[in-house]
Structure formats: C-alpha cells, structure tokens
Amino acid sequence: ETSTKTKDSRMDHSLWEAKRIVDSALHPETSSWIPRPFRMSGYLPYNGPICISMVDATSIASLLFWSWLNQSQNALVNFHNRNSSSEMTNVT
C-alpha cells in the first residue's frame, strides 16, 4: 500500500507539472499556442537584449532598427496575450 501511495504521489506531481507547462503555453481563452518569445514569461529573456541593444546603439540606423524590433516584439506579446472574450470596439 505504501508503494501505491508513493506511485500516486509521483503521478499526481507529474500531472500538475504537465498542467503547469500546458497552461503556460496555451492562451487561457482561445487555447491557441503562444510562441515562447511572446509569452509573458519570455518577455525579459527576449526583450531584455533588445532593450540593451537599443540603449547601446551608436548610430541612428541601429537605434531605429532596435526600436522597430522592440515595438514589433511588444505588439506581438500584446497580440498573443490579448483578451479574446470581449469584442473590440472604438467606444470609450
């Protein structure tokens, strides 16, 4: 009976870990897959180097490139993590 409880405990832990991974990869309302760079947990690892490069830019061309990349990444993070249950309107 003790080995059954241990096995059940490991199985329970495995199932909760699998649920955590699935929940972090799927949008909660649409169940669509969110690519790693656009998940909220990926914001710092992916956007951090972009921001550092933007601050370190030495020319206008490089600053424009890094700013464009930063805004594109931010737009995609916002798109993939949007509220899908509410219809979008222009009314305030």
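Calculation notes
Residues numbered from 1 in each chain as written. Predicted model: local features only at pLDDT ≥ 70, side-chain atom pairs only at ≥ 80, totals over all residues. Heavy atoms only, no water. Helix = DSSP H or I, 4+ residues; strand = E, 2+ residues; numbered from the N terminus. Expected span 1.5 Å × (residues − 1). Buried < 20%, exposed > 50% of the residue type's maximum accessible area, 1.4 Å probe, protein only. Axes fitted to C-alpha atoms, helices over the stretch in contact; angles between N-to-C directions. Parallel < 35°, antiparallel > 145°, perpendicular 65-115°, else oblique. Left-handed = near helix turned anticlockwise from the far one by under 90°. Contact = heavy atoms within 4.5 Å. Nonpolar A, V, L, I, M, F, W, Y, C, P; charged D, E, K, R; others polar. Phe/Tyr/Trp six-rings, centres within 6.5 Å; stacked < 30°, edge-to-face > 60°.

Let's shift gears to helix α2 (residues 43-55). An α-helical turn contains 3.6 residues, so a residue and the one three or four places further along point in the same direction. A rise of 1.5 Å per residue sets the reference length of α2, with its 13 residues, at 18 Å; its end C-alpha atoms lie 17 Å apart and thus fit the reference within 8%. Every buried residue of α2 is accounted for by Asn47, Gly48, Ile50 and Met54.

What follows covers the packing of α2 against helix α3 (residues 60-80). It is at 8 Å that the axes of α2 and α3 come closest, and there the two elements cross at 160°. Classified by the interaxial angle, the pair formed by α2 and α3 is roughly antiparallel. The crossing of α2 and α3 is left-handed. Residues Tyr43, Tyr46, Asn47, Ile50, Cys51, Ser53 and Met54 of α2 touch α3, and the partners they reach there are Leu63, Trp66, Ser67, Leu69, Asn70, Gln73, Asn74 and Val77. Its residues assigned to classes, the contact of α2 with α3 comprises 9 nonpolar, 6 polar and no charged.

With that settled, the discussion passes to the packing of aromatic side chains. All chains considered together, the criterion is met by 2 aromatic pairs. Each ring, one from Phe65 and one from Trp66, has its centre 5.0 Å from the other, and the planes form 70°; the classification is edge-to-face. Classification of Phe65 by relative accessible area gives partly exposed; the value is 40%. Arranged with centres 6.2 Å apart and planes meeting at 35°, the rings of Phe65 and Trp68 form a pair that is tilted. With Phe65 and Trp68 both in helix α3 and 3 residues apart, the pair spans about one turn of that helix. Taken together, the aromatic side chains of Phe65, Trp66 and Trp68 make up a single cluster linked through ring pairs.

With that settled, consider the side chain of Asn70. As for its position among the elements, Asn70 is in helix α3. A residue is classified by how much of its surface remains accessible, and Asn70, at 8% relative accessible area, is buried. In contact with Asn70, other than residues within four places in its own chain, are Asn47, Ile50, Cys51 and Met54.

Coordinates in, geometry out; function isn't part of it.
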